[in-house]
Every structure is written in structure tokens, then in C-alpha cells.
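Next come the chains, spelled out residue by residue.
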Amino acid sequence: MNIMLLALSAALINNVVLSQFLGICAFLGVSKKSKSAIGMGFAVTFVLTLASLVCGIIYHFLLVPFGLQYLKTIAFILIVAALVQFVEMFLKKFVKSLYDALGIYLPLITTNCAVLGVALINVQKDYSIFTGTVYGFFTAVGFLVAITILSYIREKMEFNNVPKAFQGFPIVMITAALMSIAFFGFSSF
Amino acid sequence: MKDNKDKPLERIWNGIYVENPVFCLILGMCPTLATTTSATNAIGMGLSTTAILVASNLMISLLKGIIPNRMRIPSYIVIIASFVTIVEFLMEGFFPSVYASLGIYIPLIVVNCIIMGRAEAYAGKKGPVESVFDGLGMGIGFTLALLLIGSVREIVGAGTWFGAKITPAIYEPVNLFILAPGAFLVMAFFVAIMNKLKIGAARRTDWDPTENGCADCSSCAKLGFCGGKPAAAEEEVKA
Amino acid sequence: MDTVYNVSPSPHVRDNVTTQKIMGAVALALLPASAAGVILYGVHALLVLIVSIASAVLSEYVFEKITNRPVTIYDLSAVVTGLLIGLNMPPEVPVFIPVLGSIFGIIVVKQLFGGIGQNFMNPALGARCFLIISFSSQMTDFAAKGGIMGASAVDAVSSATPLATLKTGAAFPLGDLFLGTTLGTIGETSAFALLIGAVFLLWIKVIDLRIPLSYIGTFFVLVLVTALIRGYEAPLYYTVCEIFAGGLMLGAWFMATDYASSPMTANGQLIYGVCLGVLTFLFRMVSKSNEGVSYAIIFMNCLTPMIEQFTRPLAFGIKREKEAKHE
């Protein structure tokens, strides 16, 4: 039951993008078309879950026993960068269909602050490896939900008569603001 | 780049106005939206980022001769991450309250596109003195932008500035502005104003991401509405 | 050869329905509820309504003048938005709050997106949620000072809204809920007055039954089942109370049916209504808050473009191919 609450909280209540502002760059940049958005969402889910798991393992089995917790920032970011590279190579060789499906979104995830952010939050909140991985997965689900919703709204808005000063970046920010207000309803759970 | 663009004062002005990272380059959105809940937090974040920017720019510029090209990005990451860790501990020790309110956004400076971007675009190619001033300029520009946004959010949303109440008693603070939606709203209006006045990102039609250190456009917040080449990159992303 | 033919592109068969007429009808339909609100809560409620409408119209006018756009206040959509915002306010709310709400609703939620029909979110509800977040204490203070409710108010003790009572599983006098002699926002309490307006709109075919019925129906079933499971006394009575309490009547008949922010397709509308029912149920009976209609509707507004895409009807003659084959 606790896990359920954690999952819901990660995905909707403290939505990674609309509440915590992690992954904003990808959120804004790849949400113009729904196909790209969904692709990015799945890619992030894949990498984020894996990264939470690996970072959790490294932290608990390597850094903590040797008293090297202060190295976590360096360690995590290197892990994420390496992981993305590795996943890309692995998929390209063994699961070509998935590689083609995720395409170019994979390398972009390295600098996605959501990935590093979640790894750090797992440490901050003292999650076990399992809890941390579950948290990572549902956080990414929240990202997928948010970016998908935004992409469909943006597609619908494509021919809107937006005032010139607001065209482009500002109106997308306003859309995000309204979405953020809409997600506030979940904070009462 | 022309020679006089590398002079120290020129670099500083560049970071503050010509290529302000928040309003012109639209980089580093995550910390910008997250840490501007008050003017104090904004300054805390801005100054920490500046410190790291200057330090890493300097270090990278000094070591650029030694780092093999293929190991470029990983080395930059290690250097930046090391300085972030140092700054993190300094903050925890000397400014614990700011450290507490900024939370995970301090270690997240590692993935702040501004730092990696400047490393790639400038420090990796230019000498140490210019790099230091470039980092200083970008950092100050970032800090000023954050301070501006943070002040607006704090004054409108809480009636205070740097924690001191400055609005008249009759003013009822609009709580939304210090919360998540407020960040998006304030950012939207600032960029819209800049677009209207044709300063900031709207001025630039010559923006070349590869030259300026962005890994590529697809993860950039400006994709699709940047004035430069990225519009073409969007076609790639769509495919 | 001197017969003049009218050469023009289609359509040649025109209806005399205009935006103005539709909006006018909606405003008319809301009159009973507005009147009920003023009678129940007094003169301040009337002030709130007038101020909301005025700020909405003024904001739209000023915005359109500043941005050099055609002035559209005569299509009465700003009037309706303003009225809806006012009806969603607590009766004694400080006047600056609906003013701010109207400005936000008209300018940020509606005009910045391109004006009427181009907004994805219901402006009145977007404004209301903006205000709930920004001024939470004023927006949840339902004490009545004027009108019938003001005169009979026993004190702060009885200023619990029906929803608060229902939250504990206890039922509320149904007669009061139906007529509106309870505490709540200006327009939401009198289910009777709202239904008069709803029937009128249905009769002149401005709104359709699909969304309200699927919304209320789903909600009804979910609440009944939960009331049975939780062992509330008189579950059916309780369920009917839940339907008439809070903003459900106002939301289901007047807000969820907003053309711009709800799906265009028939199936889409059914899905939309059902999801609204589920969300409202979850907010009201599972979460810690009392009300759920506003947040449910604006969340579903965000999902509307997606719903429309997935329920797109096929053009006549085209076989449905797997979309994955197209790139």
C-alpha cells in the first residue's frame, strides 16, 4: 500500500516536470509532436528506471561501505553518461527494433536533469534499492504523462492565433502553468 | 570570433546582456524555475553557479592542451562534477539555510546546460584569462536574471523581498507566484516582454548551437522556436 | 442576362445561430441561479457578480485594444465567463479576488491562446483554481452575512458546507440541498435553479445530454458503490445528496459542456464525461479535500486534445489502416 502511495505521489502529486521542474528542457523541446513526445517519454522511462537501479546499487554497495558518499554527484553523473552510451550500444546490437523506436532520444537523456535528480533524491530520502527503482519508474511515468498531454495540446494549438510576443516559448510556458494548476488537484491525496 | 570579443569587460557584458543565458540563450531552465521562489534563493543559486562556472572554465581552459579530444566530454563532466561537490560542501558548511532551501538543485548544477555549454563553446578553445571572465560574465548574467525573476515572484507571491515585508498591509499576496505554476507564468511573461521589445532571444537570428556548445538541439528547451539553425534540427527530431 | 446570380462559395444554407445568441442563451440560463444566489446570500453576492462580469468584459476589451485585435465583447462570451467566475465565488469574498480571477481567466486562459474557441481550458474554472491556490483562506470561507442565509445564520458553528458534512459519511437534508438553502459558492447551491437553466439549454439544443449524463451517471454509480462498501446509513439518499451538493450541478451542466474545452466527437464526449465522474469521485471521496469538480474539469480539459485524437471519426470510405505503417 505504501508503494502504491509512493507511485502515485511520484507520478502525479509531485509531478517531476510540473512540480519539481526536472526535465524541463526535454519537456519543452520534444513536445511539439505527439509521436516524438511519446518516444521521448518511453526513452526516459527506460533510462530513468535503469539509472535509479544502477545508481542505487553503486551507492549502497560501493560508496557507503567505503565511506565515499561525498563522491555521489561525480559517480552518478558518470554512471548516467556511461549507462546511456551502453544502453544505446546494447540496443543497437541486440534489440534493433527498440533502438530504432527510441532513436535519437537516447543520447539526449544524459543531460536530462530528471535522471540525475531522481538518483540524488533516492539518496536524500534514504530509499532502498528497490524503493528507489520503483520511485524512479513512476517518476518517469509522470514525465511521460506530462509530456504526452502537452504534446497533444501543442498539436491542437498549432494554428492558434497567439499574440506575436507570446508565440513560441512563452505560450508553451503558459500552457505548462495551466497544466501545473490542473495537477494541483492531486496534491490533496 | 573577433579578437575584441575576448576582452574581459566585453565578456562580462556579453554574459549579462548580449547572450544572457536565461533570457537570450534560454538555458538552465530547471534551476531558473525551481530556485526563484525568493530573491535569497535566487542569489544563492546564481552565485554558486557562477563560482562553479568560473572554476570549471579556468580548469578546462588550463587543461585543454592535455585532454585528448575523444575524452573531452567525460573529462569536462568530471571536472565540473568535482567543483560542484566542493561548492556543495562549502555551502553546507557556511550557508546551511540556503543549502537547505536549494536542496538537490545544487548538485544538479552539474547538468546545467550553461556550464557544459560554455566549456564546450569557450573554455575548450580559449585561454584561461578570457575563460575566467566569460564564466564570470555568464554567471553574473545568470544571477541577475534569477534575481529578477525571484524578486518578482517573491514580491507578488509573498509581499516580501529578501525576507523583509515591503508591500503595504492592504496588499494580499498572490500565493500562486511562489508555487510551481507561478514560475512558468513569470517566465512566460518575461520572455514575452523581451520578445515585444526585441531584446533577448528574439533579437538573435544567428544562433548556431554547435558553435555555442550545445550538444545538439533536441534536448534544448528552445527547439523549434530558436532563431538559428535548430529549426532544421527539428526536422531530424520529427523523423 | 441581367439576372444577377449570387456567386459565392458554400455554405449557402445558413442557420441564424451566432456566438452571441448561444452565449446569450447561456447567460439567460444562468439567471435563475444568479437570482437564487442573490436572494440566498444578499447584496454582496450581487456586487460580486456585477464586478466579475465587468472585469471580464473590460479585460477582454483592453486586451483586444492593446493588441490591435477585433473587439469581441459583443459576442457575450466574456459576459458568460465573468458570470461563471462570479457564481463560483463564496458570497462574502473580497471584491478584488473575482476581479483578479476574471483578468486571469480572460487574458491568460483565453485570449493569450488566440481568443474564443482556441483556449483548451475552461477560463472560468482555470480562474477559480488559480484563485483557490492563491487565496486559499478567502476562497474557502463560505460564511454568509446577507440574504436569507445571512439572516438565519446561527454562527460560525454552522458554517460547515454540505460537502464537509458529507465527507464524514453523514447525510444532509436533501430539501436544503435541492433548493439551495445551504452554504457554498453563489451559484452552486441551488440545484433547482441550475436545473431550470439546464433544461432550457437542452430544450434549445445549446447543450447536449451526453457529457452531463455520463458525468453524473458515472459519479452516481461510483458514490453509491462506495457508500455501500463503507456502510454509510441510507446509501442511496447519501448518493443523491452528493449529486446535489457542491459544484457538481453547476459543473456538469454549465462548465463541462463548454464547447472549446470539451471534446468535439461523440465518443470523446462520453469518455470525457465518464473520466470526469471518476475524477470527481476520487477527489471527493478518496482524497482529503471536500470538492473535486473544478480540478476534475480542468484536468480533463488538458486531456481533451488527446481524447479528440483518439476518437477521430474516419472519413467516409477510408478503411482504418494501422497508423504505425504511416510515418
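Throughout what follows, the structure given in this document is the object of discussion. Fair warning: this is a prediction, and the values are worked out from it, not measured in the lab. (Residues numbered from 1 in each chain as written. Chains lettered and ligands numbered in written order. Predicted model: local features only at pLDDT ≥ 70, side-chain atom pairs only at ≥ 80, totals over all residues. Heavy atoms only, no water.)

1. Digging into the interface of chain C and chain A
The line we're drawing: The contact criterion used is simple: two residues touch if any of their non-hydrogen atoms lie within 4.5 Å. Put simply, buried area is the surface a 1.4 Å probe can reach on two separate parts but cannot reach once they are joined, added for both. The salt bridge criterion pairs a side-chain nitrogen of Lys or Arg with a carboxyl oxygen of Asp or Glu, the two atoms within 4 Å. Polar contact is defined as a pair of N or O atoms within 3.5 Å, subject to the rule that within protein one atom must be able to donate a hydrogen and the other to accept it, and that residues adjacent in sequence are counted only when both atoms are side-chain atoms. Every helix listed is a DSSP run of H or I at least four residues long, and every strand listed is a run of E at least two residues long, numbered separately from the N terminus.
Chain C puts 35 residues into the contact, and the matching count from chain A is 25 residues. Carbon and sulfur atoms make up 76% of the surface buried where chain C meets chain A, a total of about 2,600 Å² over both sides. At the boundary of chain C with chain A, the tally comes to one salt bridge. Where chain C packs against chain A, one counts eight residue pairs in polar contact (both at pLDDT 80 or more). Elements supplying a minimum of two residues to the side of chain C that touches chain A: α4 (96-110), α5 (123-134), α14 (266-286) and α15 (293-310) of chain C. A total of 11 residues in the side of chain C that touches chain A trace back to one element, the largest contributor, which is α15 of chain C.

2. A look at the interface of chain B and chain A
To be explicit about the condition: Note on residue categories: nonpolar means Ala, Val, Leu, Ile, Met, Phe, Trp, Tyr, Cys or Pro, charged means Asp, Glu, Lys or Arg, and polar means any other residue, Gly included.
The interface of chain B with chain A comprises 47 residues on the first partner and 49 residues on the second. Taking both partners together, chain B and chain A bury about 3,900 Å²; carbon and sulfur atoms supply 79% of that area. Taken together, chain B and chain A are joined by zero salt bridges. Where chain B meets chain A, there are three residue pairs in polar contact (both at pLDDT 80 or more). Going through the elements one at a time, α2 (29-34), α4 (72-94), α8 (180-196) and α9 (230-238) of chain B are the ones with two or more residues in the side of chain B that touches chain A. Broken down by element, the side of chain B that touches chain A gets its largest block of residues, 12 residues, from α8 of chain B. Taken together, the residues of the side of chain B that touches chain A break down into 35 nonpolar, six polar and six charged.

3. Looking at the pattern of salt bridges
To keep things clear, this is the line we draw: Think of it in three bands: residues with accessible area under 20% of the maximum for their type are buried, residues over 50% are exposed, and the middle band is partly exposed, with areas taken using a 1.4 Å probe on protein chains only.
Applying the stated criterion across every chain yields a total of 10 salt bridges over all chains. A salt bridge links Glu-19 of chain B to Arg-118 of chain B; the shortest N-O distance between them is 3.9 Å. With a gap of 99 residues between them, Glu-19 of chain B in the loop between α1 (8-18) and α2 and Arg-118 of chain B in helix α6 (residues 113-123) connect regions that are remote in the sequence. A salt bridge links Arg-210 of chain C to Asp-208 of chain C; the nearest nitrogen and oxygen atoms lie 3.8 Å apart. For Arg-210 of chain C, a relative accessible area of 33% gives the class partly exposed. Residue classification places Asp-208 of chain C among the partly exposed positions, given a relative accessible area of 41%. A network of salt bridges, in which partner residues are shared, links Arg-11, Glu-19, Arg-118 and Asp-134 of chain B.

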